[in-house]
Each structure stands twice: as structure tokens, then as C-alpha cells.
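The chain contents come next:
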Amino acid sequence: MSAVLAAMLCASFAGLGSVTNLFSRGEELTVASRRCDMDRKSGIVLFEGAARVDYRPGYTLLADRVFAIFSGTNGLARIVAAGDVTVTNESRVAVCDHAVFTRREGQLEIRGWLDGRPARLTDESGNSVAGSRMNFWLDASQVEVFDSELTFDKGGRSVKGL
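What you see is a predicted model; the values in this text were computed from it and never measured.

Asker: When you look at the pattern of salt bridges in this model, what are you seeing that I'm missing?
Answerer: Where charged atoms from two side chains of opposite charge approach closely, those side chains can pair. This structure, assessed with the given rule, holds five salt bridges. For Arg35, the salt bridge goes to Asp37, with nearest N and O atoms at 2.8 Å. Residues Arg120 and Glu149 are paired through a salt bridge, measuring 4.0 Å at the closest nitrogen-oxygen approach. With Arg120 in strand E9 (residues 119–122) and Glu149 in strand E13 (residues 149–151), this pair connects stretches of sequence that are 29 residues apart.

Quick look at the structure:
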């Protein structure tokens, strides 16, 4: 982990915080932002200002702030995003106020806004599902939605894309 943290520290002094290859198992994750601050003792790195996370081919997360949380020598444990979060994958777009990616479970949890607006996932045909909280398992076709509201496209297309 020390090589990754050193790379983060160097990136923060470069003016644009950016770190690539935070995983040791061949996975790839890149985080970029306008500013990067690191607390080596706690294992937390804050990316602030137009933060962008690219994970695997096809997953992109944009947010005001992203926290990368490390766990001992196991590397990256979680990514926490806050403030106007947008997550895209293929033809789907999710918008929310808060998102947490837990590496071990391969799970992304998104939550709605504090003012009561739900998180929303929309596909390219206009179908959408909204809820106070949604859990996505990235390696499975499983989604769990709390306080759900499903909107169908008027053309009668399938919601399978959600």
C-alpha cells in the first residue's frame, strides 16, 4: 500500500489528484479530481472538486467528493462518494446524493438526497426505478431497491435494461 499512497501524495502536489491501479488483483480503478488530501495514519484519501472514478471498462462515477478508504495491507476497501453523484454503466445512469462501493462484496449502494428526493436509475429507453436506497452487485444481475417506484416507457418496452 505504501507505493500507492506515495503515488497519491505525488499526484496531490501535481495540482490534479489522480491515482491509477489501486488494486493488486489485476482490477483497474482510476480516481481523479482537482484536489487530493491524504491521511496516511487513518488510510483515507479525499479527492475533492469534480471527482471522477473509472472502474473496470464501463463504470464511471462523478461526484463533488470521493473518499478512498484503505484497509491495512489489503489495499482499497471502499469508495465513498458524496454530493451530486452520477454513476454510469453502459446504457444506464443513476443519480443520487451518496454512494458507497465496497470492494470485497462488489456492491454499490446509492442513496437519495437529504431533502427526500429518491435516488434514480434510468435506462436509454426512459424506463426508471427510484428509491430511497438501491444496492447493486456488480458481478451479478441483482438490484435491491427500497421504497421503490418504477416508471415504464409509454411505448411498452421491457424494463429488462434496468
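Once you've had a look at it, read on.
Asker: Help me understand the environment of Leu108, please; the structure alone is not making it clear to me.
Answerer: Position of Leu108 among the secondary structure elements: in strand E8 (residues 107–111). Note: C-alpha distance between Leu108 and Ile79 (29 residues apart in sequence) is 9.2 Å. Leave out the neighbours within four places in its chain, and Leu108 touches Val87, Ala99, Val100, Phe101, Met134, Asn135, Phe136 and Leu138.

Asker: Explanation requested: the packing of aromatic side chains in the structure shown.
Answerer: Counted under the stated rule, the structure contains two aromatic pairs. Geometrically, the ring pair formed by Tyr55 and Tyr59 is tilted, given 6.3 Å between the ring centres and 45° between the ring planes. Note on Tyr59: relative accessible area 18%, which makes it buried. By relative accessible area, Tyr55 is classed as buried at 7%. Ring pairs connect the aromatic residues Tyr55, Tyr59 and Phe101, which therefore count as one cluster. For the cation-ring pair, Arg133 lies above Phe146, with the distance from its terminal atom to the ring centre recorded as 3.9 Å.

What counts and how
Residues numbered from 1 in each chain as written. Predicted model: local features only at pLDDT ≥ 70, side-chain atom pairs only at ≥ 80, totals over all residues. Heavy atoms only, no water. Salt bridge = Lys/Arg side-chain N within 4 Å of Asp/Glu carboxyl O. Helix = DSSP H or I, 4+ residues; strand = E, 2+ residues; numbered from the N terminus. Contact = heavy atoms within 4.5 Å. Phe/Tyr/Trp six-rings, centres within 6.5 Å; stacked < 30°, edge-to-face > 60°. Buried < 20%, exposed > 50% of the residue type's maximum accessible area, 1.4 Å probe, protein only. Lys NZ or Arg CZ within 6 Å of the ring centre and 35° of its normal.

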